[in-house]
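An overview of the molecular structure
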Amino acid sequence: MKIALLGATGQTGQYLVKQALEQGHTVTAVVRNPAKLAVHHNNLKVVTADIFSADSLKPHFKDQDVVMSCLGFPASFFSGVTGYTSSMAAVVGAMREARVNRVITMTSWYTEPDSGTQSPFLIRFLLLPMIRSVLSNMYEMERFLQKTEDINWTVVRPPGLKNLAASAQEFLTHEGYFVPDSSGQTAVGRGDVARFMLSLLNSNAWVKKGVAITTK
């Protein structure tokens, strides 16, 4: 498939680029700084664009089969995080202009404000308050996608992320904001997140849905 990928220079994005190329896909990596992507491959095209501008993204989405996003934005205590909603508004606008209707993006467990009440003590009272600005904007982006009628979106929600390559472990999935029976698994390898996102290219199981994931 032809994939337009945003966030390719990030930690999860780099795993996704590598796996997509290994699987024979053609990747257009839409980046801000091409120097940060050290991969070279005949099926990889690296382009620069403004991720907050539909006009800037549109030429790079033309003739693509799917848009995938591993974009991440840092938490802010002093001002709200807006990167997720701003970038996705531009992405959807560009997709409509380029006539691409499939997008796969990643957020996190516990984006919905009340979903963290069942999380472990340290996560609920220490971690979640620290990253609430990020989770809130992720949730706003998810709600934006839910309101689109013409876009076949999937939101992949992993828990904490570890810098580990893909494993062969089975995935646990749940249509919700966390995986209830995850046996205390609060982190997953970035390589496995990329593996799950790419598996969606051959499946309609999670179209127009948000899916929380972890590994067994």
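Note: the structure precedes this text.
Conventions and cut-offs
Residues take numbers from 1 onward in each chain, read along the sequence in its written order. Local features in a predicted model are, by the rule used here, given only for residues with pLDDT of at least 70; side-chain atom pairs are given and counted only at 80 or more, and totals for whole chains, interfaces and linings are based on all residues. Where side-chain values are given, they derive from all heavy atoms of the structure, hydrogens and water being excluded. A run of H or I in DSSP becomes a helix once it reaches four residues, and a run of E becomes a strand once it reaches two; helices and strands are each numbered from the N terminus. The globule rule used here is 2.2 Å times the number of residues to the 0.38 power, and the radius of gyration it is set against is calculated over C-alpha atoms. Between two residues, a contact is recorded if the distance between any of their heavy atoms is within 4.5 Å. Residues scored as charged are limited to Lys and Arg (positive) and Asp and Glu (negative), so that His and the chain ends carry no count. A charge is said to be at NZ when it belongs to Lys, at CZ for Arg, at CG for Asp and at CD for Glu. Nonpolar cores are built from buried Ala, Val, Leu, Ile, Met, Phe, Trp, Tyr and Cys residues. Side-chain atoms within 4.5 Å join them into one set. For every residue, the accessible area (1.4 Å probe, protein chains only) is compared with the maximum for its type, and the residue is labelled buried under 20%, exposed over 50%, or partly exposed between those bounds. As a rule, the C-alpha atoms of each element are fitted with a line to give its axis, helices using only the stretch in contact, and angles between N-to-C directions run from 0 to 180 degrees. When describing relative orientation, an angle under 35 degrees is termed roughly parallel and one over 145 degrees roughly antiparallel, while 65 to 115 degrees is termed roughly perpendicular and anything else oblique. By definition, turning the near helix anticlockwise from the far helix through less than a right angle yields a left-handed crossing, and turning it clockwise yields a right-handed one. Only protein atoms enter the calculation, which uses a 1 Å grid: trapped sets of points that fit a 1.4 Å probe without letting it out are cavities, open sets showing protein on both sides within 12 Å along at least five of seven lines are pockets, and any residue with an atom within 4 Å of a point is a lining residue. Grid points are joined across faces, edges and corners, and a volume is the space filled by probe spheres set on the points. Under the scheme applied here, ten amino acids are nonpolar (Ala, Val, Leu, Ile, Met, Phe, Trp, Tyr, Cys and Pro), four are charged (Asp, Glu, Lys and Arg), and all others, including Gly, are polar. One less than the residue count of a helix, multiplied by 1.5 Å, gives the span that helix is expected to have. Each salt bridge in this description consists of a side-chain nitrogen of Lys or Arg and a carboxyl oxygen of Asp or Glu lying within 4 Å of one another.

Once that is clear, we can look at the overall build of the protein. Helix and strand counts for the protein come out as 5 helices and 10 strands. Against the 2.2 N^0.38 benchmark of 17 Å for 216 residues, the protein shows a C-alpha radius of gyration of 16 Å, consistent with a compact globule. Each of the three principal axes of the protein carries a C-alpha extent, and together these read 45 × 40 × 35 Å. A sequence separation of at least 24 residues applies to 75% of the contacts in the protein between residues at least 6 apart. Across the protein, the centroid of the 21 positively charged side chains sits 3 Å from that of the 16 negatively charged ones.

Below, the discussion takes up the nonpolar core. Among the nonpolar cores identified, the biggest contains 38 residues, and Leu6, Leu57, Phe61, Val67, Val91, Met95 and Val103 are the most heavily contacted of them. A per-element tally of this core places helix H3 (residues 83-98) first, with 8 residues. Here Phe61 is in contact with Ala4, Leu6, Val67, Val91, Ala94, Met95, Ala98 and Val100, once residues within four sequence places are set aside. Residues Leu21, Ala194, Phe196 and Met197 belong to the second largest nonpolar core, which totals 30 residues.

This part takes up the environment of Lys58. With respect to the helices and strands, the residue Lys58 is situated in helix H2 (residues 54-61). Residue classification places Lys58 among the partly exposed positions, given a relative accessible area of 34%. Separated by 42 residues in sequence, Lys58 and Val100 place their C-alpha atoms 9.9 Å apart. Setting aside residues up to four positions removed in sequence, Lys58 forms contacts with Ala94, Glu97 and Ala98.

To continue, consider the packing of H2 against H3. The interhelical angle for the contact between H2 and H3, taken along N-to-C directions, is 50 degrees, at an axis separation of 8 Å. Considered as vectors, H2 and H3 are oriented oblique to each other. Crossing of H2 against H3: the hand is right-handed. Here Ala54, Leu57, Lys58 and Phe61 of H2 lie close against H3, whose contacting residues are Ala90, Val91, Gly93, Ala94, Met95, Glu97 and Ala98.

This part is about empty space enclosed by the protein. Counted by the stated rule, this structure contains 1 cavity of 30 Å³ or more. Mapped onto the lining of the largest cavity, the elements with two or more residues apiece are H3 and strand S5 (102-106). Among the elements that make up the lining of the largest cavity, the one with the highest residue count is H3 (4 residues). Within the lining of the largest cavity, the residues separate by chemical class into 7 nonpolar, 3 polar and no charged.

For residues besides glycine, phi is generally negative; the peptide bonds are generally trans as well. Here Tyr110, not a glycine, exhibits a phi torsion of approximately 65 degrees, which is positive. Within the element layout of this structure, Tyr110 appears in the loop between S5 and helix H4 (121-146). One non-glycine residue, Lys208, lies in the positive phi region at around 60 degrees. Of note, Lys208 is situated in the loop between helix H5 (190-199) and strand S10 (209-215). Judged by its relative accessible area of 35%, Lys208 falls in the partly exposed class.

On to H4. Taking 1.5 Å of rise per residue, the 26 residues of H4 would be expected to cover 38 Å, yet its terminal C-alpha atoms sit only 30 Å apart, more than 12% below that figure. All of the buried residues in H4 are Ile123, Leu128, Ser133, Val134, Leu135, Asn137, Met138, Tyr139, Met141, Glu142 and Leu145. Close packing links the buried residues of H4 with H3, S5 and strand S6 (152-157).

Our focus in this paragraph is the environment of Tyr15. Its location among the elements puts Tyr15 in helix H1 (residues 11-22). Taking C-alpha positions, Tyr15 is 5.4 Å from Gly191, a pair spaced 176 residues apart along the chain. Not counting residues up to four positions away in its chain, the partners in contact with Tyr15 are Asn163, Leu164, Ala165, Arg190, Gly191 and Ala194.

All right, on to the layout of surface pockets then. Approximately 610 Å³ is the volume attributed to the largest pocket. Lining the largest pocket are 30 residues, and of these Tyr84, Met106, Met138, Leu161 and Arg190 sit closest to its centre. Among the elements of the structure, H1, H4 and strand S7 (160-162) are those that each provide at least two residues to the lining of the largest pocket.

Note that side chains of opposite charge can pair when their charged atoms are close. All told, the structure shown has 7 salt bridges when counted by the stated rule. Across the pair Lys18 and Glu22 runs a salt bridge, and its minimum N-O distance is 2.9 Å. With Lys18 and Glu22 both in helix H1 and 4 residues apart, the pair spans about one turn of that helix. Between Lys62 and Asp63 there is a salt bridge, with the nearest N and O atoms lying 4.0 Å from each other.

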